[in-house]
Amino acid sequence: MSYSSLPEDVLEHVFSFVQSDKDRNVISLVCKSWYEIERWCRRRIFVGNCYAVSPRMAIRRFPEVRSVELKGKPHFADFNLVPEGWGGYVYPWIRAMAGGYPWLEELKLKRMVVTDESLELIAKSLKNFKVLVLSSCEGFSTHGLAAIAADCKNLKELDLWESDVEDPSGNWLSKFPDTCTSLVSLNIACLGSEVSFSALERLVVRCPNLRTLRLNRAVPLEKLAHLLRQAPQLVELGTGTYSADLRPDIFSNLAGAFSGCKELKSLSGFWDVVPAYLPAVYSVCSGLTTLNLSYATIQSPDLIKLVSQCPKLQCLWVLDYIEDSGLEALAATCKDLRELRVFPSEPFGDEPNVSLTEQGLVLVSEGCPKLESVLYFCRRMSNDALVTIAKNRPSMIRFRLCIIDPQTPDYLTLEPLDVGFGAIVQHCKDLRRLSLSGLLTDRVFEYIGTYAKKLEMLSVAFAGESDLGLHHVLSGCDSLRKLEIMDCPFGDKALLANAAKLETMRSLWMSSCSVSFEACKLLGQKMPRLNVEVIDESGPPDSRPELPVKKLYIYRTVTGRRIDMPGFVWNVGEDSALRLS
Amino acid sequence: MSPPLLLGVEEEGQSNVSLMASSPSDCISQNVSGLQERNYLGLSDCSSVDSSAASSLPVDNKNKLNLKATELRLGLPGSESPEREPDLSLLSSGKLDEKPLFPLLPSKDGICPGSQKNVVSGNKRGFSDTMDRFSEVKSSVYTEKNWMFSVGPDSESPQSVGQGKFPGNSGMNPMLRPTGAQQAIMKEMAPNALERSRPAANGTHNKASASNNNMSAPAAKAQVVGWPPIRSFRKNSLATTSKNNDEVDGKPGPGALFIKVSMDGAPYLRKVDLRTYTNYGELSSALEKMFSCFTIGQCGSHEAPGREMLSESKLKDLLHGSEYVLTYEDKDGDWMLVGDVPWEMFIDSCKRLKIMKGSDAIGLAPRAMEKSKIRN
């Protein structure tokens, strides 16, 4: 019996074990019947660029989806490079899914504009809705959240990761009906204003499966102990403000509450930390795998004391107050560390305010054999250090280095950091994400093009000398999906020479480079399956054709130009007549 | 001597005050020394620009300024956009207490020369770039009209906004009450001057303005939008934290404080970084630039026919009177008129900005008027 004669439901059953999108896509290409079977049983889709496909098309192809993940704005929107009003509206998707996916259970959105109207539509139309994750989203208020709370009877997860939420007065938490006992995860850490503590407490008490609770800054420390005692089963906790008057009763209450939480694996929050209260969490440190101290403005000695008690730590986010000495302690204690992110405490100062240098990262790379993901802000770096790191950790998957001053050379030799980053891509053969900084010539791009064959995302700023740099990347990086570039002297040649490559990628962002409007037009005309969007707030770009375009966003799409472009975005496609009036 | 005239100038520098205050008395007192026959206001020895300046007495000016305080552009009570600053060259030529009622404008064709653009490009970019070219295009509707003043020499020079230096405009009649037409041009053209002065101002401002310090070191390099790559959520969180710690450490706060700006009737909001401005005037002009497209035309948005829709009469309606007023929501959630409290206090408490229609702000405006009167 050949596999092609297996009955449909058997194949469907087999396919159900294949979760990865990539594999699913491959399955669908085997033959027509497999395409058909697969599309009817795909339950989750991920759309990395909401403008790459229309909701109608997605629903038509995959009619039985239960989970949708969408991303909207380009990544550089996180750093204010994308003007407000650019796009990324989720409403058209929600409207389509209200009809097309009535049994939708999960919606995960990133960098999208979500309105209260959208949230209300979800609450009204999707009867089995369970999971809402809004990561770095904006455009909605607690009114919309109230609708979700009130009408989504089976809500399990509500996660507002670093979203921008309007807080009109109104107590939305109390809109969760008393019958709601299904919450597993609640993340309101980004909310600016107070929520009703009593409503929160009642909610926590009646949801026995609550595993994740991330409070917002407005929840005072004195009340935390009370909550913890109601939910000792918590696995992930985000505190609110971690400061209070120094009183022994508050401390002992808090320490006692923490010691009752035997399942805690992840801690975050810690705004406005008063170091004297840190020991209250010591009892859970031995089990912690994730610690987010990136808002905790405490100094190195306190950080060392804390981190030294967490031998199982796998993921640490921290401010550069940890300094090299703290990272040394980390390297000595946390042998299971996979991910380290060190954020700058004073990124806009001219002088270093802490003693955090390349040495800290080198020490961690030496001491933590499982280290694979790094985000590191510092003020100086050397090629030697980078080469050492590369050789120490060939299993590195994500490496993002941000030397705060643009174009800073190797502080020892004053040379560019080409060789250092070259070592990273050469030794770390599985590298998927890379962010460059410091003084860099075209050579670093030659290294990247030659060695970084698994690289999927590259972020570049103030680097390179000529189009050759861009050409190396576009022609050499076989797995490249996302490329984002700011303030580099890259122009038309490399872009046009590698036009076909752009269709194999999700998107390309270039701002403050040297791409001419003519080149954009040409690209738009020649590549109908690309949207070539020029962002220019000072006027139609073809009115000043001698100037380079300010911001350029190119992405592949099967739906043609989008219809929701604001006045400052021009799509230079086949009918390159600009879309004004 | 005539404080109301100097409401907007105060923030920029006291030298204007003395200059203006002294000229009449100088003129008059020198009468005694018998050097020259001067008329009552001493104008014959002052700038030759326009003798009708004589007719403007402090009282009149007071009224005009009060009206201006709530008029048109975001109506910051008692303060004006930098480009409305009295032309120092006029003042220094002894021109009287007259505060020009509208700025000297750059050429209508006042293109942003390419080289100037490059000055900008090294500095703050992103949405702080103005609509100069765009407004050139949009303004083609208006070029046929006979605006009240002729275009003067190019006034752009990347100087600190606070100094407000604009070359003289020979065609200008500073005494004329600004009409809506002029203000339309002001709205569109002024950005030319301001755009190029802004980026330099970023760097020089911290030297120039004693009152505010948005960087740790006075000669701070201009911030580049998007660098270092830190998310606004984090920036704002750290800003709040260090503000709490500031009183203890005495260290200046970190860089950015992004808040949303909405405007009645505009299809989308904008965000501004309050720390890039050092006074209300700068904020006001930046917002004017950012939102001028909504009053003048719909920026070619697909929903509206754009330019054709906007008629001259509608424009005049928009620009006469107190069409728009700038308000903000403070920490307590109350909506307040911008401009009442000192700038530093304002940044501390401002959560978001809103450009309201004058009619909605009726309750707020009279307070501004009264305040101005009290100051007089």
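Keep in mind that what you see is a predicted model, and the values were worked out from it rather than measured.

Chemist: When you look at the overall build of chain A in this model, what are you seeing that I'm missing?
Modeler: Scanning chain A for helices and strands turns up 21 helices and 23 strands. Per-residue burial for chain A yields a buried fraction of 60% across its 581 residues. For chain A, long-range pairs separated by at least 24 residues make up 70% of all intrachain contacts whose partners lie at least 6 apart in sequence.

Chemist: Would you explain the overall build of chain B in this entry?
Modeler: The helix and strand tally for chain B stands at 13 helices and five strands. Every one of the 376 residues in chain B was classed for burial, and the buried ones make up 60%. Nonlocal contacts in chain B, meaning residues at least 24 apart in sequence, comprise 71% of its contacts between residues at least 6 apart. Carbon and sulfur atoms make up 55% of the accessible area of chain B, which totals about 14,400 Å².

Chemist: Would you explain the side chain of Arg400(A) in this entry?
Modeler: Residues and elements named next belong to chain A. With respect to the secondary-structure elements, arginine 400 resides in strand S16 (residues 398-403). Within the buried core, arginine 400 has no salt-bridge partner, and the shortest N-O distance to an opposite charge, that of glutamate 339, equals 6.6 Å. Those residues in contact with arginine 400, other than ones at most four positions away along the chain, are Arg341, Val374, Leu375, Tyr376, Arg433 and Ser435.

Chemist: Is there a simple way to explain the pairing of strand S18 (residues 457-461) of chain A in this structure?
Modeler: Side-chain positions along a regular strand alternate between the two faces of the sheet. All names here are of chain A. Burial runs high along S18: five of the five residues are buried. Burial of the side chains of S18 extends over both faces: Met457, Ser459 and Ala461 are buried on one face and Leu458 and Val460 on the other. In this structure, strand S17 (residues 433-435) lies alongside S18, joined through three bridges in parallel fashion. Bridge pairing links leucine 434 to leucine 458 in S18. Pairing between S18 and strand S19 (residues 482-486): five bridges, direction parallel. Among the inter-strand pairings, serine 459 is bridged to a residue of S19, identified as glutamate 484. In this fold, the crossover linking S18 to S19 by way of helix H18 (residues 467-476) has right-handed handedness.

Chemist: Help me out: how do you make sense of the packing of aromatic side chains in this one?
Modeler: Any aromatic ring pair is given by two values, namely how distant the centres are and how the planes are angled relative to each other. Residues and elements named next belong to chain A. Counted according to the given criterion, the structure contains 23 aromatic pairs over all chains. Look at tryptophan 86 and tyrosine 553: their rings are 5.7 Å apart centre to centre, the planes differ by 70°, and that puts the pair in the edge-to-face class. With tryptophan 86 in the loop between strand S2 (67-71) and helix H5 (91-100) and tyrosine 553 in strand S22 (residues 551-556), the pair connects residues that are 467 residues apart, well separated along the chain. Both residues of the pair, tryptophan 86 and tyrosine 553, count as buried. Through a chain of ring-to-ring contacts, three or more aromatic side chains come together here, namely Tyr51, Phe76, Phe79, Trp86, Trp509, Tyr553 and Tyr555.

Chemist: How do you make sense of the pattern of salt bridges when you look at a structure like this?
Modeler: All told, the structure shown has 33 salt bridges over all chains when counted by the stated rule. The structure contains a network of salt bridges with shared partners spanning Asp164(A), Glu166(A), Lys260(B), Lys271(B) and Arg352(B).

Chemist: Help me understand the confidence of the model for chain A in this model?
Modeler: Segments scoring low in pLDDT should not have their predicted coordinates read at a detailed level. When pLDDT is averaged along chain A, the result is 94; 98% of the residues meet or exceed 70. Counted against residues more than four places away or in other chains, residues 576-581 of chain A, with its pLDDT under 50, gives 26 contacts.

Chemist: How should the nonpolar core be read in this particular structure?
Modeler: A general feature of soluble globular proteins is that nonpolar side chains tend to end up buried together. Ranked by size, the top nonpolar core spans 206 residues in total, and within it Trp172(A), Tyr242(A), Phe258(A), Leu316(A), Phe399(A) and Ile448(A) carry the most contacts. For Leu316(A), the residues in contact, after removing those within four places along its chain, are Leu291(A), Leu293(A), Val307(A), Ile322(A), Leu330(A), Leu337(A), Glu339(A), Leu340(A) and Arg341(A). With 24 residues, the next largest nonpolar core counts Leu257(B), Tyr280(B), Trp343(B) and Leu353(B) among its residues.

Chemist: How should helix H14 (residues 358-367) of chain A be read in this particular structure?
Modeler: An α-helical turn contains 3.6 residues, so a residue and the one three or four places further along point in the same direction. All names here are of chain A. For H14, the buried fraction is high: seven of the ten residues fall into the buried class. The complete set of buried residues in H14 reads Glu358, Gly360, Leu361, Val362, Val364, Ser365 and Gly367. For H14, the elements touching its buried residues are helix H13 (323-333), strand S14 (339-343), strand S15 (373-378), helix H15 (383-392) and S16. Its side-chain oxygen placed 3.0 Å from the backbone nitrogen of glutamine 359, threonine 357 serves as the N-cap of H14.

Chemist: I'm lost on the environment of Pro177(A) in this one. Help?
Modeler: Residue and element names in this part refer to chain A. Of note, proline 177 is situated in the loop between strand S7 (164-166) and strand S8 (185-187). As a C-alpha pair, proline 177 and lysine 153 span 24 residues in sequence and 8.4 Å in three-dimensional space. Excluding residues that lie within four positions of it along the chain, proline 177 makes contacts with Ala149, Ala150 and Arg206.

Chemist: Where do I start with the sheet that holds strand S5 (residues 352-357) of chain B in this structure?
Modeler: Strand-to-strand pairing in sheets goes through backbone hydrogen bonds, with the strands running parallel or antiparallel. Residues and elements named next belong to chain B. Within the open sheet, the five strands sit side by side as S2-S1-S5-S3-S4. Their pairing is mixed. Edge positions in the sheet fall to strand S2 (270-273) and strand S4 (335-337), since each of these pairs with one other strand and no more. Geometrically, the sheet is characterised by an average inter-axis angle of 35° between neighbouring strands, direction not taken into account. Strand direction decides the pairing type here: strand S1 (residues 258-263) and S2, joined by four bridges, are antiparallel. Paired with valine 261 across the two strands is arginine 270, which belongs to S2.

Chemist: Honestly, helix H10 (residues 248-259) of chain A in this entry has me stumped. Any pointers?
Modeler: Residues and elements named next belong to chain A. Compared with the 16 Å implied by 1.5 Å per residue over twelve residues, the 16 Å span of H10 between its first and last C-alpha is a close match. Among all positions in H10, only Ile250, Leu254, Ala257 and Phe258 are buried. Down the axis of H10, the smallest arc covering the buried residues is 100°, so these residues share one side. Its buried side turned inward, H10 meets helix H9 (221-230), strand S10 (236-238), strand S11 (266-268) and helix H11 (282-285).

Chemist: What's the story with unusual backbone geometry in this structure? I'm lost.
Modeler: What you tend to see is this: most non-glycine residues have negative phi, and most peptide bonds are trans. Here the amide bond leading from Trp227(B) into Pro228(B) is cis, since omega sits at -10°, within 30 degrees of zero. Assignment of secondary structure puts Pro228(B) in the loop between helix H8 (180-208) and helix H9 (232-249). One non-glycine residue, Asp487(A), adopts positive backbone phi at about 55°. Looking at the element boundaries, Asp487(A) is found in the loop between S19 and helix H19 (492-497).

Chemist: Got a minute to help me understand the side chain of Asp467(A) in this structure?
Modeler: Residues and elements named next belong to chain A. Take aspartate 467: it is sitting in helix H18. Buried charge without a partner: aspartate 467 forms no salt bridge, and the closest opposite charge is lysine 493, 5.3 Å away. Dropping the residues within four chain positions of it, aspartate 467 is found in contact with Pro489, Phe490, Gly491, Asp492, Lys493 and Ala494.

Scoring rules and cut-offs
Residues numbered from 1 in each chain as written. Chains lettered and ligands numbered in written order. Predicted model: local features only at pLDDT ≥ 70, side-chain atom pairs only at ≥ 80, totals over all residues. Heavy atoms only, no water. Helix = DSSP H or I, 4+ residues; strand = E, 2+ residues; numbered from the N terminus. Buried < 20%, exposed > 50% of the residue type's maximum accessible area, 1.4 Å probe, protein only. Contact = heavy atoms within 4.5 Å. Areas by Shrake-Rupley, 256 points an atom, 1.4 Å probe, with all protein chains shown as cover. Lys, Arg positive; Asp, Glu negative; His and termini not counted. Salt bridge = Lys/Arg side-chain N within 4 Å of Asp/Glu carboxyl O. Pairing = 2+ DSSP bridges. Right-handed = clockwise from strand over helix to strand, strands pointing away. Phe/Tyr/Trp six-rings, centres within 6.5 Å; stacked < 30°, edge-to-face > 60°. pLDDT = per-residue confidence, 0-100. Core = buried A, V, L, I, M, F, W, Y, C linked by side-chain atoms within 4.5 Å. Polar contact = N/O pair within 3.5 Å; in protein donor to acceptor, adjacent residues only side chain to side chain. Axes fitted to C-alpha atoms, helices over the stretch in contact; angles between N-to-C directions. Expected span 1.5 Å × (residues − 1). Arc of directions from axis to C-beta.

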